[in-house]
Amino acid sequence: MTTKVTPAVVDLPSYGFKNKIINGRMEVAQRGTGFNFIGDGEYSLDRWRHNQSGLATMNYAQSTDVPADQGLFNSLWINTAIGDPTVNAGDHVRLHHIVEGYNIRDLYGGPVTLSFWVKSTQTGTYCVSVRNEALDLTFIAEYSVDVANTWERKVITFDFDPGGTWAFDNGAGMYIAWTLWHEGAAGVAGWQSGNHKATVNQINHTAVTGDFYITGVELVKGTEPLPVPEARPYQVELQMCRRYLAVIGATDALAYGVTASANLISMRLVLPVELRDVPSLTFAGYLDVRHNGVGSYGIDQASITSVNLSTGGIRIGTDRSGAGANTSGYMSVNNNAITVDADF
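If you're wondering where the values come from, they're calculated on a predicted model, not measured in any experiment. (Residues numbered from 1 in each chain as written. Predicted model: local features only at pLDDT ≥ 70, side-chain atom pairs only at ≥ 80, totals over all residues. Heavy atoms only, no water.)

(A) Summary view of the overall build of the protein. The number of helices and strands found in the protein is 1 helix and 22 strands. Across the 344 residues that make up the protein, the buried fraction comes to 50%. Summarising the internal contacts of the protein: among those between residues at least 6 apart in sequence, 76% fall at separations of at least 24. When the accessible area of the protein is evaluated, it comes to approximately 14,900 Å², of which 52% is carbon and sulfur surface. (Helix = DSSP H or I, 4+ residues; strand = E, 2+ residues; numbered from the N terminus. Buried < 20%, exposed > 50% of the residue type's maximum accessible area, 1.4 Å probe, protein only. Contact = heavy atoms within 4.5 Å. Areas by Shrake-Rupley, 256 points an atom, 1.4 Å probe, with all protein chains shown as cover.)

Written out as structure tokens, the structure is:
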């Protein structure tokens, strides 16, 4: 007797990937967990960028302060260490997340819901904005922090069919910005032409010392948020983050190759995932190069004579007299790590 079993149907394209925000749970921290005196354009936790003009002194850190019973373990803590009460045109402080164009393809043409948990020392009206890559089309939503030092969930639904030009490739598909202060803000709620980040109702959160926490950030298709923040496995979220940044650990053998000639060592580093774009390469400390099982050569970044960068791998070359032709070898990094950066 044969029993026929009909397998369950699973919507593989959407299962576990409804949320277009990468690291919205603030768990992945390849650059570190604390960022004191963060500067304009610098990243903190993976995929989260700080932008600022003005005199406020800002610190960022990964925190374990989270809303209860949501399955969340981390948040991003934004601390105003030294407030800036002065009012100068264009002063601003914002938290940015940039969604790659490929990831918004299925969102365009219908309703989209952005949701997040916030906790702030200051009550009042805040703004979150959505902009296209050309920065000539903006959606702004106001939200209210009603109770100080209390986690609150905010849900914003908007029609993502505003016309204009949007990137649906590996470019910046959608700029999402949480504003803490913007002097001279001239935006209005809803869709509008131009590059705007806030309305006139935005409070100056950074005028005095204080704290702002955010976590559980989600961007999903439809008019309803997910009941609880989507929990992708950590290793999956890490691999998704590595499309934009890969920090390759210290002391590991990280590249293999052969000596290209008697005086040139060339090694190829295969990256963990395909990068969004051709990356930049930085490392502190030095690279330890060995060939044919012997010969340890320490080289710093200034000693590299050739670097070929691609989205799938990196080839590093350095001159070394007497290396010998066609001998195998490997390269490892000491005293820090190699950072391969393809973020926006």
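After that view, the rundown keeps rolling.
(B) Quick peek at the layout of surface pockets. Computed from the structure, the largest pocket encloses a volume of approximately 220 Å³. Taken together, Phe-17, Asn-19, Lys-20, Ile-22, Glu-100, Tyr-102, Asn-103, Asp-106, Met-240, Arg-243 and Tyr-244 form the lining of the largest pocket. In terms of residue class, the lining of the largest pocket is made up of 5 nonpolar, 2 polar and 4 charged. (1 Å grid on protein atoms, 1.4 Å probe; cavity = no way out; pocket = protein on both sides within 12 Å on 5 of 7 lines; lining within 4 Å. Points joined across faces, edges and corners; volume = space filled by probe spheres on them. Nonpolar A, V, L, I, M, F, W, Y, C, P; charged D, E, K, R; others polar.)

(C) Looking closely at the pairing of strand E5 (residues 92-100). Burial analysis of E5 places 9 of its 9 residues in the buried class, which makes it a mostly covered element. Of the two faces of E5, the one holding His-92, Arg-94, His-96, Ile-98 and Glu-100 and the one holding Val-93, Leu-95, His-97 and Val-99 are both buried throughout. Here E5 runs beside strand E10 (residues 172-182); their pairing, made up of 9 bridges, is antiparallel. Bridge assignment links Arg-94 to a residue of E10, and that residue is Thr-179. (Pairing = 2+ DSSP bridges.)

(D) Main features of the side chain of Asn-19. As for its position among the elements, Asn-19 is in the segment before strand E1 (34-35). Of the residues examined, Asn-19 reaches a relative accessible area of 6% and is grouped as buried. Non-local contacts of Asn-19, meaning those with residues more than four positions away in its chain, are made with Val-217, Glu-218, Leu-219, Val-220, Glu-230 and Arg-232.

(E) A look at the side chain of Arg-47. Counting through the fold element by element, Arg-47 comes out in the loop between E1 and strand E2 (49-53). Engagement of the side chain of Arg-47 in a polar contact is seen with the side chain of Asp-343, the distance being 3.0 Å. Sequence-distant contacts of Arg-47, defined by excluding residues within four places in its chain, comprise Ile-22, Arg-31, His-96, His-97, Ile-98, Cys-241, Tyr-244, Asp-343 and Phe-344. (Polar contact = N/O pair within 3.5 Å; in protein donor to acceptor, adjacent residues only side chain to side chain.)

(F) A look at the sheet that holds E2. Sheet architecture is open: 6 strands sit in the order E2-E5-E10-E7-E8-E11, paired in antiparallel fashion. Where the open sheet ends on each side, the last strands, each with one partner, are E2 and strand E11 (190-193). Taking the axes of each pair of neighbouring strands and ignoring which way they run, one obtains an average angle of 25° across the sheet. Pairing geometry for strand E7 (residues 124-131) and strand E8 (residues 137-145), over 8 bridges, is antiparallel. Looking at E8, one finds that Tyr-126 is bridged to Tyr-143. (Axes fitted to C-alpha atoms, helices over the stretch in contact; angles between N-to-C directions.)

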